[in-house]
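# Architecture at a glance
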Amino acid sequence: MLGVLHNPADRELDRFVPAAASSFRAAAGDRRKHHILDCLHGRVVLYAYDSHYPTDGHVVWDPITGEQHRIPNVMDALTHPAVISGAAAGGGGGSASFIVAFVGVQNWERHFWDAHACFYSSETGEWSVHINIHLDLDGYHLEDRPAALVGGDTLYFVGKSGILLRYRYGLPLRCGRDILGHGITSADVLSVVDPPPGAKRRLRLGYTVVMAAPESDGGGLRLGVLHRHKLALWDREEDGSAAAAARWVWRVAIDLEQVLPWPVGNTKGKERACLAAVAEDPNVIFVGTEEDGVFAVELDSLRIKKVCELGKSQGRFFPFVSYCAESFLVSISYFSSVHASLVADLK
């Protein structure tokens, strides 16, 4: 764990905050006019405020080397990016290449909503086929949350009331632009995933995040909702590629009230905590607020360690992990001991 990236309220401040236990510092560069949109596999997607053309403002930045790659011609409809290394995406360029998958939702007219998806490849410098589906939802929007990479070729984006968008970018990546010639429809690539039944109140009032479950639990999609001081977890079990053939399975609810050194409930005058996860270790979740900083929590043992301070920030934060500089697999001494008996099944 090298540190945390965020968008400070004061744009003159650095976007990278090093972890207390790390000597790493991000590569030098002026990013005061950049807004962080995503961080995964050691790369960061930024948007440049000073871009002359709004469609050319997206940049992929490597904090280790300082290398930057501008993404051209991003459609207005594509608002939520997720960057994936070429090795993880299954491309031919290995870890030196990457793709940036984008999704977005547009309201063309009253009660008419469309979802869009497309990805850019650094290896080819080209965009994939543009996928567009109609949504039978009213007032739907995507939340400002990180996407979850599951199974090596599927991304899940969090939307209103926990309704997810599933983008199987691996299909057009393997088949090219002629997906219809391979018997693949737009609905196969981009689809809606309904939230767990019975979770409506938590999803409406809590903070939702998606992540990949540990391989020991099947390695599928996991959804977490932090409501008051309870972190509820569900896993998505799929039978085949059809979203309709899947079901949500309740896992556990974790009581964080006695784990974190500050209240995470809706205390009057207290800001709501944000959640984040990293693909490199699905058994760790990060919880943080501007006032209290960012903490890493092991979900199995509930051991905890403060990562860093945060300060005034615009929305969520992004844990930065890279095996190129340091190992993320921390020793047991990284966490202070907390009894696992704090886990309560609230089914």
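Small disclaimer: the values here were computed from a predicted structure and weren't measured.

### What about the overall build of the protein chain?
- For the protein chain, the count of helices and strands is 4 helices and 25 strands.
- For the protein chain, with 347 residues in total, the buried portion stands at 54%.
- The contacts in the protein chain between residues at least 6 apart in sequence include a share of 51% that link residues at least 24 apart.
- Carbon and sulfur atoms provide 49% of the accessible area of the protein chain, an area that totals close to 15,500 Å².

### Looking at the sheet that holds strand E24 (residues 313-320)
- Sheet architecture is open: 3 strands sit in the order E2-E1-E24, paired in antiparallel fashion. Where the open sheet ends on each side, the last strands, each with one partner, are strand E2 (16-18) and E24. Averaged over all pairs of adjacent strands, the angle between their axes in this sheet comes to 25°, without regard to strand direction.
- In this structure, strand E1 (residues 3-8) lies alongside E2, joined through 3 bridges in antiparallel fashion. What sits directly across from valine 4, in E2, is valine 17.

### Focus on the nonpolar core
- If you look at the biggest cluster of nonpolar residues, it comprises 45 residues, and the most contacted ones within it are Leu155, Phe157, Leu165, Tyr167 and Tyr169.
- Counting residues per element, this core draws most heavily on strand E8 (residues 98-109), which supplies 7 residues.
- Counting residues in hydrophobic clusters, the runner-up holds 37 residues, among them Leu226, Leu275, Ala276 and Val287.

### Observations concerning the packing of aromatic side chains
- Considering all chains together, one arrives at 7 aromatic pairs under this definition.
- With 5.5 Å between their ring centres and 90° between their planes, phenylalanine 16 and phenylalanine 24 make a pair best called edge-to-face.
- In this structure phenylalanine 16 comes out as buried when scored by relative accessible area, which is 5%.
- Centre to centre, the rings of tyrosine 167 and tyrosine 169 are 6.4 Å apart; their planes meet at 65°, and the pair counts as edge-to-face.
- A relative accessible area of 0% places tyrosine 167 in the buried class.
- By relative accessible area, tyrosine 169 is classed as buried at 0%.
- One aromatic cluster is present, built from ring pairs that chain together Phe16, Phe24 and Phe320.
- Directly above the aromatic system of tyrosine 49 lies the positively charged group of arginine 11, at a separation of 3.9 Å from the ring centroid.
- The ring of tyrosine 207 has arginine 145 sitting right over it, with the charged end atom 3.7 Å from the ring centre.

### Some points on the pairing of strand E4 (residues 43-48)
- With 5 of 6 residues buried, E4 lies mostly within the body of the structure.
- The pairing of strand E3 (residues 34-40) with E4 spans 6 bridges and is antiparallel. Following the sheet pairing, leucine 40 is matched in E4 by arginine 43.
- Once E3 ends, the chain turns through 2 residues before running back antiparallel as E4, passing histidine 41 with a positive phi of about 55°.

### Looking at a positive patch on the surface
- Where like charges cluster on the molecular surface, the positive patch consists of Lys200, Arg201, Arg204 and Arg228.
- Mapping lysine 200 onto the fold places it in helix H4 (residues 200-205).
- Classification of lysine 200 by relative accessible area gives exposed; the value is 69%.

### A word on unusual backbone geometry
- In this model, asparagine 73 sits at a positive phi of 55°, which is unusual for a non-glycine residue.
- Considering the arrangement of structural elements, one finds asparagine 73 in the loop between strand E6 (68-71) and strand E7 (80-85).

### Comments concerning the sheet that holds strand E20 (residues 274-277)
- Spatial ordering of the open sheet is given by E20-E21-E22-E23, a layout of 4 strands whose pairing is antiparallel. Looking at strand neighbours, the two that pair on one side only are E20 and strand E23 (304-308), the edges of this open sheet. Along the sheet, successive strands turn relative to each other by an average axial angle of 30°, direction set aside.
- In terms of strand pairing, strand E21 (residues 284-289) meets strand E22 (residues 293-298) through 6 bridges, oriented antiparallel. Among the inter-strand pairings, isoleucine 285 is bridged to a residue of E22, identified as valine 297.

### Looking at empty space enclosed by the protein
- Evaluated as defined, the whole model comprises 3 cavities of 30 Å³ or more.
- Around the largest cavity, the lining comprises 23 residues; the ones closest to its centre are Leu40, Ala147, Ala277, Val278 and Ala279.
- Looking at the lining of the largest cavity, the elements with two or more residues in it are E3, strand E12 (148-150), strand E16 (207-212), E20 and E24.
- Tallied by class, the residues present in the lining of the largest cavity amount to 19 nonpolar, 2 polar and 2 charged.

Cut-offs applied
Residues numbered from 1 in each chain as written. Predicted model: local features only at pLDDT ≥ 70, side-chain atom pairs only at ≥ 80, totals over all residues. Heavy atoms only, no water. Helix = DSSP H or I, 4+ residues; strand = E, 2+ residues; numbered from the N terminus. Buried < 20%, exposed > 50% of the residue type's maximum accessible area, 1.4 Å probe, protein only. Contact = heavy atoms within 4.5 Å. Areas by Shrake-Rupley, 256 points an atom, 1.4 Å probe, with all protein chains shown as cover. Pairing = 2+ DSSP bridges. Axes fitted to C-alpha atoms, helices over the stretch in contact; angles between N-to-C directions. Core = buried A, V, L, I, M, F, W, Y, C linked by side-chain atoms within 4.5 Å. Phe/Tyr/Trp six-rings, centres within 6.5 Å; stacked < 30°, edge-to-face > 60°. Lys NZ or Arg CZ within 6 Å of the ring centre and 35° of its normal. Patch = residues over 30% accessible without salt bridge, like charges linked within 9 Å, V, L, I, M, F, W, Y side chains within 5 Å. Salt bridge = Lys/Arg side-chain N within 4 Å of Asp/Glu carboxyl O. Lys, Arg positive; Asp, Glu negative; His and termini not counted. Charge placed at Lys NZ, Arg CZ, Asp CG, Glu CD. 1 Å grid on protein atoms, 1.4 Å probe; cavity = no way out; pocket = protein on both sides within 12 Å on 5 of 7 lines; lining within 4 Å. Points joined across faces, edges and corners; volume = space filled by probe spheres on them. Nonpolar A, V, L, I, M, F, W, Y, C, P; charged D, E, K, R; others polar.

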